[in-house]
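Structure assessment
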Amino acid sequence: MKIQLDMYQTLAVAVLVLLLGNYLKKKIYFLQKFCIPAPVIGGLIFAIMTCICYVTGIAEFSFDDTLREVCMVFFFTSVGFQANLKVLKSGGKSLIVFLGLVIALIILQNLTAVGLAKLLNLNPLIGMCTGSIPMVGGHGTAGAFGPVLEDLNIKGATTAAATFGLIFGSLIGGPLGKRLIEKHSLLNTAANEDDSLLVEDEKKHERHTNMYADAVFQLILAIGVGTIFTMLLTKTGLTFPIYIGAMLAAALMRNICEYTGIATIHMGEINDLGGISLSLFLGMAMITLRLWELASLALPLFILLAAQVLLIIIFTYVIEFNIMGRDYDAAILVSGTCGFGTGATPNAMANMQAVCDQYVPSIKAYLLIPLVGSLFADFLNSLVITFFINLL
């Protein structure tokens, strides 16, 4: 029996798993303790249920995930509105250092995949199916490069690896960030850092119920203008995420209004709407996971994927945390890097939100992760992947 859910039903199920995740997070101590995002909790339970139904032949679920993309664009547009040039200037050096770390991670993921594949007497290109293609690249890059590698009779490996990374990236990010904060008492460093970075007047972040409509309109305008930016960017011949134009448009609107005073950007309301969009996006992403694809992976591929999880833990916990300053922002960056380093940028934002909800916000992390994850990571990853494939 095949159960087809349209986009409205898919959205409704996403809301239900989000509510379930929130309920379980309140009731089960370790879920709250380790900062597991609510959509991941409820979504993973639902994905396991659909997997059981598929394997036993009871039913196969099919989803229309049109609104998933809409929610993703709304969320990243809200992130674009946070790009205050005054704040970006103060984090300029950190941006360059963090970008360097991401490039190093991409190279290490591929070196680990290829090296371990050779140890297991596998074709190195099979190892590439578990490298930065599905890890930093996520499902989008896996879909783009997958057909190239699937000629080796490993059909679905890159997509399954991306699913594996998506799950584990969401599960380990929160706990790692929380452990660093508590082990090194980093909350003491958060207030001073935020005070220096947060230039805006606190009044700009006050919520007013009559301003939410204006906030929605500002988001929609940025998305509309962003389609023009996206169209111009695609003419370069490079591949960019669909939301990049909206992010740039939002950043432009924010800074024009900031410096000219021609309009007020309702940041508090926009942040709330962005948080809602993120939860809905992640809920839909989780319920549409096809967990049974992981079962088709052979034992060697599981070993390769386990090595990638170990790599991201060591890289973020030991290397990134120390290089980025061993402070509260560095701990939040660790949490976020686990998300987009083995999954996708929305997972990174969900990881950081889960930790920050328990402590305090990190302005630097909320700027660096989407900026690098959206603008630079996919582009640089594609170059590195192409180099490795041609080299092998």
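Sequence order sets the numbering: in each chain, residues are counted from 1 along the sequence as written. Side-chain atom pairs in this predicted model are given and counted only at pLDDT of 80 or more, local residue features only at pLDDT of at least 70, and totals for whole chains, interfaces and linings cover all residues. Note that water and hydrogens are dropped before the side-chain values are worked out from all heavy atoms of the structure.

1. What to know about the overall build of the protein chain
To keep it simple, the criterion reads: Secondary structure elements are taken from DSSP: a helix is a run of H or I of four residues or more, a strand is a run of E of two residues or more, and numbering for both begins at the N terminus. The cut-offs for exposure are 20% and 50% of the maximum accessible area for each residue type, with area from a 1.4 Å probe on protein chains only; residues under the lower value are buried, those over the upper are exposed, and the others partly exposed. Contacts: residue pairs with any heavy atoms within 4.5 Å of one another. We get accessible surface area from the Shrake-Rupley algorithm with a probe of 1.4 Å; when it comes to residues, only the shown protein chains can shield them.
Scanning the protein chain from N- to C-terminus turns up 18 helices and two strands. Each of the 392 residues in the protein chain was classed as buried or not, and the buried ones make up 54%. Partitioning the intrachain contacts of the protein chain with sequence separation of at least 6 by distance along the chain shows that 80% fall at a separation of at least 24. Surface accessibility of the protein chain: about 17100 Å² in total, with carbon and sulfur atoms responsible for 67%.

2. Comments concerning helix H12 (residues 244-260)
Worth spelling out the cut-off: Take the number of residues in a helix, subtract one, and multiply by 1.5 Å to get its expected span.
The terminal C-alpha atoms of H12, which comprises 17 residues, lie 24 Å apart, in line with the 24 Å expected from a rise of 1.5 Å per residue. Trailing H12 by a residue or two, Gly261 shows a phi angle of about 75°, which is positive.

3. Here we look at the nonpolar core
Note the following rule: Think of a nonpolar core as a cluster: buried Ala, Val, Leu, Ile, Met, Phe, Trp, Tyr and Cys residues, connected wherever their side-chain atoms sit within 4.5 Å.
Ranked by internal contacts, the top residues of the largest apolar core, which has 93 residues, are Phe98, Met128, Ile181, Tyr328, Ile332, Met349 and Ile369. No other element matches the ten residues that helix H18 (residues 363-391) contributes to this core. Within the second largest apolar cluster, ten residues are counted, among which are Ala215, Ala222, Ala250 and Ile270.

4. Looking at the packing of helix H13 (residues 267-287) against helix H17 (residues 345-358)
Helices that pack against each other are described as a pair by the angle of their axes relative to one another and the distance between those axes. Keep this limit in mind: In this description, a line fitted to the C-alpha atoms serves as the axis of each element, helices being fitted only across the stretch in contact, and the angle between N-to-C directions of two axes falls anywhere from 0 to 180 degrees. Note on terminology: angles under 35 degrees are roughly parallel, angles over 145 are roughly antiparallel, angles of 65 to 115 are roughly perpendicular, and the others are oblique. Put simply, a crossing is left-handed when the front helix is turned counterclockwise from the back one by less than a right angle, and right-handed when it is turned clockwise. Note on residue categories: nonpolar means Ala, Val, Leu, Ile, Met, Phe, Trp, Tyr, Cys or Pro, charged means Asp, Glu, Lys or Arg, and polar means any other residue, Gly included.
The interhelical angle for the contact between H13 and H17, taken along N-to-C directions, is 120°, at an axis separation of 10 Å. The angle between the axes of H13 and H17 places the two elements in the oblique class. Relative to H17, H13 is oriented so that their crossing is left-handed. In this structure, H13 uses Gly275, Leu278, Phe281 and Leu282 to contact H17, whose residues at the interface are Pro346, Asn347, Met349, Ala350 and Gln353. Residue composition of the contact of H13 with H17, by class: six nonpolar, three polar and no charged.

5. Thoughts on the environment of Ile223
When you line up the elements, Ile223 lands in helix H11 (residues 212-234). Ile223 sits in the buried class, given a relative accessible area of 19%. Between the C-alpha atom of Ile223 and that of Phe76, which follows or precedes it by 147 residues, the distance is 9.7 Å. Dropping the residues within four chain positions of it, Ile223 is found in contact with Val73, Phe74, Thr77 and Ala246.

6. Thoughts on the pattern of salt bridges
For the record, the criterion: Definition used for salt bridges: Asp or Glu carboxyl oxygen within 4 Å of a side-chain nitrogen of Lys or Arg.
Inspection of every chain in the model, using the stated rule, returns three salt bridges. The salt bridge partner of Arg254 is Glu258, with a shortest N-O separation of 3.3 Å. Of the two residues, Arg254 and Glu258 both sit in helix H12, four residues apart, roughly one turn of that helix. Here Arg254 falls in the buried class, since its relative accessible area comes to 2%.

7. Quick look at the environment of Ile220
By secondary structure assignment, the location of Ile220 is in helix H11. When its relative accessible area of 46% is taken as the criterion, Ile220 is described as partly exposed. Considering only alpha carbons, one finds Ile220 and Val73, 147 residues apart in sequence, at a separation of 9.9 Å.

8. Focus: the packing of aromatic side chains
In plain terms, the rule: Within 6.5 Å between ring centres, the rings of Phe, Tyr and Trp (the latter by its six-membered ring) count as paired, and their orientation is classed by plane angle as stacked under 30 degrees, edge-to-face over 60, tilted in between.
Within the structure shown, the criterion is met by six aromatic pairs. Aromatic ring contacts, followed pair by pair, group Phe46, Phe61 and Phe63 into a single cluster.

9. Section: unusual backbone geometry
Although it is not a glycine, Asn121 sits at a positive phi angle of roughly 60°. On the basis of relative accessibility, which here comes to 72%, the residue Asn121 falls in the exposed class. For Arg326, which is not a glycine, the phi torsion comes out positive at approximately 50°. Relative to the elements of secondary structure, Arg326 occurs in the loop between helix H15 (299-323) and helix H16 (328-341).

10. Some remarks on the packing of helix H4 (residues 66-80) against H12
Packing of H4 against H12 leaves a shortest axis separation of 7 Å and a crossing angle of 35°. Handedness of the H4/H12 crossing: right-handed. Each of Val73, Phe76, Thr77, Val79 and Gly80 in H4 lies in contact with H12, whose residues at this interface are Ala246, Met247, Ala250 and Ala251. Of the residues assigned to the contact of H4 with H12, the class counts are seven nonpolar, two polar and no charged.

11. A few points about the side chain of Thr342
The following threshold applies: We define a polar contact as two N or O atoms separated by no more than 3.5 Å, with the added condition that, inside protein, one atom must be a possible hydrogen donor and the other a possible acceptor, whereas residues neighbouring each other in sequence contribute only through side-chain atom pairs.
Along the chain, Thr342 turns up in the loop between H16 and H17. Of note is the side chain of Thr342, whose polar atom sits 3.4 Å from the backbone oxygen of Gly165. Polar contacts involving the side chain of Thr342 include one to the main-chain carbonyl oxygen of Cys338, which spans 2.7 Å. Among all residues touching Thr342, those that are not within four sequence positions of it are Pro134, Met135, Ala162, Gly165, Leu166, Phe168, Gly169, Ile312 and Thr337.

12. Some thoughts on a nonpolar patch on the surface
To keep it simple, the criterion reads: Patch definition: residues above 30% relative accessible area lacking any salt bridge, with like charges linked at up to 9 Å and the nonpolar side chains Val, Leu, Ile, Met, Phe, Trp and Tyr linked at up to 5 Å.
Residues Val97, Leu310, Ile314, Val318, Ile319 and Ile323 make up a contiguous nonpolar surface patch of about 480 Å² in total accessible area. A residue is classified by how much of its surface remains accessible, and Ile319, at 34% relative accessible area, is partly exposed.

13. Concerning the confidence of the model for the protein chain
For clarity, the threshold we go by: Values of pLDDT, ranging from 0 to 100, describe the predictor's confidence in every residue of the model.
Residue-level pLDDT values for the protein chain average 83, and 85% of them are 70 or greater. Here residues 191-202 is a poorly scored stretch, pLDDT under 50, and it has 22 contacts once near neighbours within four places are set aside; other chains count.

14. A word on H11
With 23 residues, H11 should cover 33 Å at 1.5 Å per step; its first-to-last C-alpha distance of 32 Å lies within 8% of that length. Buried residues in H11 make contact with H4, H12 and H13.

15. Quick look at the side chain of Asn351
Relative to the helices and strands, Asn351 resides in helix H17. Beyond its immediate sequence surroundings of up to four residues, Asn351 is in contact with Pro37, Gly169, Ser170, Gly173, Gly174, Ser335, Cys338 and Gly339.

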